[in-house]
Amino acid sequence: MEIQQYATLQIEKADGYAVVTLNRPEAMNALSRELLRELAAAISALERDSDVRVLILTGAGRAFCAGLDIKEISTIGLPSLEGSTGNPIKLLAEFSGPVIAAVNGVAVTGGLELMLACDVILAAHSARFADTHARIGLLPAWGLSQKLSRLVGIYRAKEISLSGNFLSAEQAAAWGLVNRVIADSELLPQARALARDMLSVVPHTLAAYKSLINDGAGLSYGDALAYEVERAREANGTLARESLQLDAKQLRARDRSQS
């Protein structure tokens, strides 16, 4: 097991996956400029690491992420996700392998945006979710207004975003916002177990299947079906050729051993 410590993050790498922990527990892991910068750098580094094929994102202490750092905003304004440091929301969404959110405690506004950039969402019983953009007079700019309505339906999304009210873990699961609700003590163990299950599939299929689902989701149903056939024909044809080459190689090795 390898652990890397940043000022605002902790990265643990083990057996093909990495656990990325937002580590500002005293501020409920609020998204400061430093955290956003370090998170973008960490995700970029993990994408380049061939030993890491699945990510788990979680928060230290009693919160997943309480959103943007309000104290910082009050003194130096809203952070920008543009520029050379990279956009951690976009980098998470575009990570080639699966990203599992293990949500402990609150995921609010910017924290909700961070969660929605992941592929699978596991929620502890203590988890609560809210979009408070309207309560503080802001409009979202990281994708929340479009992602949320596609996940839970436009009417439920309007209820969440236009009221700013909290949603319990159980209600979030009932509305399809999270995959399932787990006892707090079992959250990370089950996230790790799911990561290991994902790592047990044929390696190249993991990223290819995620890409197929994501790319098809942006197409009409008919176009997505055609796109699946096209991608499968290309990928499965390559796999068949590789299997034939492997069979031929194994036959030659067997013939040599018998001669």
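Rules used in this analysis
Residues numbered from 1 in each chain as written. Predicted model: local features only at pLDDT ≥ 70, side-chain atom pairs only at ≥ 80, totals over all residues. Heavy atoms only, no water. Helix = DSSP H or I, 4+ residues; strand = E, 2+ residues; numbered from the N terminus. Buried < 20%, exposed > 50% of the residue type's maximum accessible area, 1.4 Å probe, protein only. Contact = heavy atoms within 4.5 Å. Expected span 1.5 Å × (residues − 1). Arc of directions from axis to C-beta. Pairing = 2+ DSSP bridges. Salt bridge = Lys/Arg side-chain N within 4 Å of Asp/Glu carboxyl O. Phe/Tyr/Trp six-rings, centres within 6.5 Å; stacked < 30°, edge-to-face > 60°. Lys NZ or Arg CZ within 6 Å of the ring centre and 35° of its normal. Axes fitted to C-alpha atoms, helices over the stretch in contact; angles between N-to-C directions. Core = buried A, V, L, I, M, F, W, Y, C linked by side-chain atoms within 4.5 Å. Polar contact = N/O pair within 3.5 Å; in protein donor to acceptor, adjacent residues only side chain to side chain.

A.B. asks: An account of the side chain of threonine 109 is needed here, citing residue identities and associated values.
C.D. replies: As for its position among the elements, threonine 109 is in the loop between β7 (106-108) and α4 (110-116). On the basis of relative accessible area, threonine 109 is assigned to the buried category, the value being 9%. Ignoring anything within four residues of it in the chain, the contact list for threonine 109 reads Ala130, Asp131, Thr132 and His133.

A.B. asks: Kindly report on helix α8 (residues 187-199), identifying the contributing residues and their values.
C.D. replies: Taking 1.5 Å per residue as the helical rise, α8 with its 13 residues ought to reach 18 Å, and the 18 Å between its terminal C-alpha atoms agrees with that figure. Residues Leu187, Ala191, Arg192, Leu194, Ala195, Met198 and Leu199 constitute the buried set of α8. Around the axis of α8, the buried residues are gathered within 160 degrees of arc, so they sit on the same side.

A.B. asks: So what about the sheet that holds strand β9 (residues 128-130)? Which residues, and what values?
C.D. replies: The strand order across the open sheet built from four strands is β5-β7-β9-β10, with neighbouring strands paired in mixed fashion. Unpaired on one side and paired on the other, β5 (63-65) and β10 (167-168) mark the two borders of the sheet.

A.B. asks: Describe the pattern of salt bridges, with residues and values.
C.D. replies: Under the defined criterion, the tally for this structure stands at seven salt bridges. Residues glutamate 12 and arginine 192 are paired through a salt bridge, measuring 2.8 Å at the closest nitrogen-oxygen approach. Taken together, the residues span a long stretch of sequence, with glutamate 12 in strand β2 (residues 9-14) and arginine 192 in helix α8 at a distance of 180 residues. In terms of burial, glutamate 12 and arginine 192 fall into one category: buried.

A.B. asks: Explain the packing of aromatic side chains to me, and be specific about the residues and the numbers.
C.D. replies: The tally for this structure, following the rule as stated, stands at zero aromatic pairs. Sitting over the ring of phenylalanine 166, arginine 128 keeps its end group 4.1 Å from the ring centre.

A.B. asks: Account for the sheet that holds strand β4 (residues 54-59), naming residues and giving values.
C.D. replies: In spatial order, the strands read β1-β2-β3-β4-β6-β8-β11; together these seven strands make up an open sheet with mixed pairing. At either end of the open sheet lies a strand with only one pairing partner, and these are β1 (2-5) and β11 (180-182). Taking each pair of neighbouring strands and ignoring which way they run, the sheet shows an average axis angle of 20 degrees.

A.B. asks: Please give an account of helix α5 (residues 144-152) that cites residues and values.
C.D. replies: Where α5 is concerned, the buried positions are Leu144, Leu148, Ser149 and Val152. The arc enclosing the buried residues of α5, seen along the axis, measures out at 115 degrees, which places them on a common side. In this fold, the buried residues of α5 make contact with α4 and α6 (154-163). Following α5 by one or two positions, glycine 153 adopts a phi angle in the positive range, close to 95 degrees.

A.B. asks: Mind laying out the nonpolar core, listing which residues take part and the relevant values?
C.D. replies: Counting 47 residues, the largest nonpolar core has Val103, Met115, Phe129 and Leu177 as the members making the most contacts within it. Setting aside residues up to four positions removed in sequence, leucine 177 forms contacts with Met115, Leu116, Ile121, Phe129, Leu148, Leu151, Val152, Leu167 and Ala172. Counting 17 residues, the second-largest nonpolar core is a separate cluster that includes Ile56, Ala102, Val120 and Ala191.

A.B. asks: Could you give an account of the environment of lysine 90, naming the residues involved and the relevant values?
C.D. replies: Residue placement: lysine 90 occurs in helix α3 (residues 88-93). When the C-alpha positions of lysine 90 and tryptophan 142 are compared, they lie 8.4 Å apart, and in sequence the two are 52 residues distant. In this structure the side chain of lysine 90 is engaged in a polar contact, spanning 2.9 Å, whose partner is the side chain of glutamate 94.

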